[in-house]
Amino acid sequence: MDLLQQVLSEKGKPLLIINEFKFRKIGKSKDGIKWRCTVKSCTSSVCSDESVTTLLTSNLNHNHEKSSNINRQIVANSLKRKAIDQITTRPLKLIRNEVQSSAVDLTLNDVNSIRRSVYRSRRKTLPPLPKNLPEVHAALTNLDTRVMNKNFSGKPYLLASKQLEKTNNETITRFINDSLKLLWTDVGMEQRVLLLLTDAASYMVKAGKSLKIFYTNMIHVTCTTHACNRLAEKVRELFPKVNTLINNGKKIFLKALSRISIFKEEMNDIPLPPVPVLTRWGTWVNAALYYADYLTKYKKVIERLAMDDAQSIRKVLNIIEDGTVVNDLTFISIHLAFLVIVIKKLETQNMILHKSFSIIDEIKEKINSIPGPKGEQHLLQN
């Protein structure tokens, strides 16, 4: 029985492999799909069913040898398509995954040949590098620009990147203005800038005000995710005892295998206390939620470690025995847990516009519902 294998050629056209001979697709007929040998001087041909699983008729009298390196050609053609579809994945990673999944025997020369063909295929998708300023403007003019749509996210493009010696509103304003001149040099370019999106740092706010003098149609919007992080930082300030618990709770088990062993005995499958990182937004609130969920069990661990004279253990034990920290953790769990959720939502890429607005409305509703003096005097003002 002849083994049929359908693949794509270098140009993306269907090929049929039969006993290491290649056939190209001729067309369809009432009898099925017709295939002819890829060697022009060969008259071998076959006819298969619509699903290309069974040969209906065949003439396999070839006048030439079998195709050499057929496995390498199959792997190379598959990788060329993946190199274009997965443009951000390194070619060597694509090759390694393909070789492992296909289970074919390839030599080192085969791998090097495949790697070169993958690089050539990917290079064809890239525009030529401009050699002078007019070519830069021509390349930017030919970019695929699209109209903003509330139901679909646009494709972002990097216009300029630069490391500033000083970061203030003046250097930011100058950098943005110079970068926009790379895109437009004609009269009236000031009217084309419609939106500026930055974080909520004070120098960014000042830079936005300075730029609006020149770009009158521009709307400056600060990042909502950054605003949520500032709110989370305010929560950390309002609950100093919880902050002390989190800071010292992570130190207790740092490089202490005996303490970790006691922790696992009491907590079973519960993970160790999370370590918040201030540069990773929402991690402090997430750590507070951990203690709110497991404080009772965690207290038993600390009581077993109380014989240890470590300062971090004494601090944690004193805070846990203080009943107010339970109230603080409960308050955070009930009224502020939404910060972790909305930060993850807002960090999602390619989110459509109306979904972002719905998340912002959700944030406003949650903040306005925070009760007590902490909500009214501090969090709402922030």
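## As for helix α7 (residues 224–238)
Between its first and last C-alpha, α7 extends 21 Å over 15 residues, near the 21 Å set by a 1.5 Å rise per residue. All of the buried residues in α7 are T225, H226, C228, N229, L231, A232, V235 and L238.

## Here we look at helix α12 (residues 324–335)
It helps to recall that an α-helix has 3.6 residues per turn; residues three or four apart then point in one direction. A rise of 1.5 Å per residue sets the reference length of α12, with its twelve residues, at 16 Å; its end C-alpha atoms lie 17 Å apart and thus fit the reference within 8%. Of the positions making up α12, those classed as buried are V325, D328, L329, F331 and I332. On an axial view of α12, the arc spanned by its buried residues comes to 155°, and they lie on one face. Residues N327 and I334 are exposed on α12 and point more than 90 degrees away from its buried face. Contacts from the buried residues of α12 go to α7, α8 (240–252), α10 (283–304) and α11 (311–321).

## Examining the environment of R122
Relative to the elements of secondary structure, R122 occurs in helix α3 (residues 108–123). Of the residues examined, R122 reaches a relative accessible area of 12% and is grouped as buried. For R122 and A83, which are 39 residues apart along the polypeptide, the C-alpha to C-alpha distance reads 6.1 Å.

## A closer look at the packing of α10 against α11
In contact at an axis separation of 10 Å, α10 and α11 are set at 135° when each is read in the N-to-C sense. Judged on the interaxial angle alone, α11 and α10 are oblique. Our pair here, α10 against α11, has a crossing hand that is left-handed. Between α10, through L295, Y298, K299, I302 and E303, and α11, the contact on the second element is made entirely by I313, V316, L317 and I320.

## A look at the nonpolar core
In this structure, V242, L245, Y298, I332, L336 and L339 are the most contacted members of the largest nonpolar core, which totals 51 residues. Breaking this core down by element, the ones donating at least two residues are α7, α8, α9 (257–267), α10, α11, α12, α13 (338–346) and α14 (353–368). The element best represented in this core is α10, accounting for eleven residues. In this structure, L180, V193, A201 and M204 belong to the second largest nonpolar core, which totals twelve residues.

## Quick notes on unusual backbone geometry
Even without a glycine there, the phi angle at V52 is positive, about 55°. As for its placement among the helices and strands, V52 is situated in the loop between β5 (45–48) and β6 (55–59). Its identity as a non-glycine residue notwithstanding, N268 has a phi of 60°, on the positive side. Note that N268 resides in the loop between α9 and α10.

## Considering the packing of aromatic side chains
This model, assessed by the stated rule, comprises six aromatic pairs. Considering the side-chain rings of Y290 and Y291, the 5.4 Å spacing of their centres and the 85° angle between planes classify their relative orientation as edge-to-face. In textbook terms, an aromatic cluster arises when at least three aromatic residues are bridged by ring pairs, as seen for F253, F263, Y290, Y291, Y294 and Y298.

## Observations regarding the pattern of salt bridges
Scanning the model with the defined rule gives seven salt bridges in all. As a salt-bridge pair, E50 and K28 come within 3.7 Å of each other at their nearest N and O atoms. Residue E50 is found in the loop between β5 and β6, and its partner K28 is found in strand β3 (residues 21–29); the two are separated by 22 residues along the sequence. Grouping residues by exposure puts E50 and K28 together as exposed.

## Details of a nonpolar patch on the surface
Among the surface-exposed residues, L194, L195, L197, I219 and V221 lie close enough to one another that they form a single nonpolar patch of about 480 Å² accessible area. Every element with two or more residues in the nonpolar patch is listed here: β7 (195–198) and β8 (219–222). Of note, V221 is situated in strand β8.

Cut-offs applied
- Residues numbered from 1 in each chain as written.
- Predicted model: local features only at pLDDT ≥ 70, side-chain atom pairs only at ≥ 80, totals over all residues.
- Heavy atoms only, no water.
- Helix = DSSP H or I, 4+ residues; strand = E, 2+ residues; numbered from the N terminus.
- Expected span 1.5 Å × (residues − 1).
- Buried < 20%, exposed > 50% of the residue type's maximum accessible area, 1.4 Å probe, protein only.
- Arc of directions from axis to C-beta.
- Contact = heavy atoms within 4.5 Å.
- Axes fitted to C-alpha atoms, helices over the stretch in contact; angles between N-to-C directions.
- Parallel < 35°, antiparallel > 145°, perpendicular 65-115°, else oblique.
- Left-handed = near helix turned anticlockwise from the far one by under 90°.
- Core = buried A, V, L, I, M, F, W, Y, C linked by side-chain atoms within 4.5 Å.
- Phe/Tyr/Trp six-rings, centres within 6.5 Å; stacked < 30°, edge-to-face > 60°.
- Salt bridge = Lys/Arg side-chain N within 4 Å of Asp/Glu carboxyl O.
- Patch = residues over 30% accessible without salt bridge, like charges linked within 9 Å, V, L, I, M, F, W, Y side chains within 5 Å.
- Areas by Shrake-Rupley, 256 points an atom, 1.4 Å probe, with all protein chains shown as cover.

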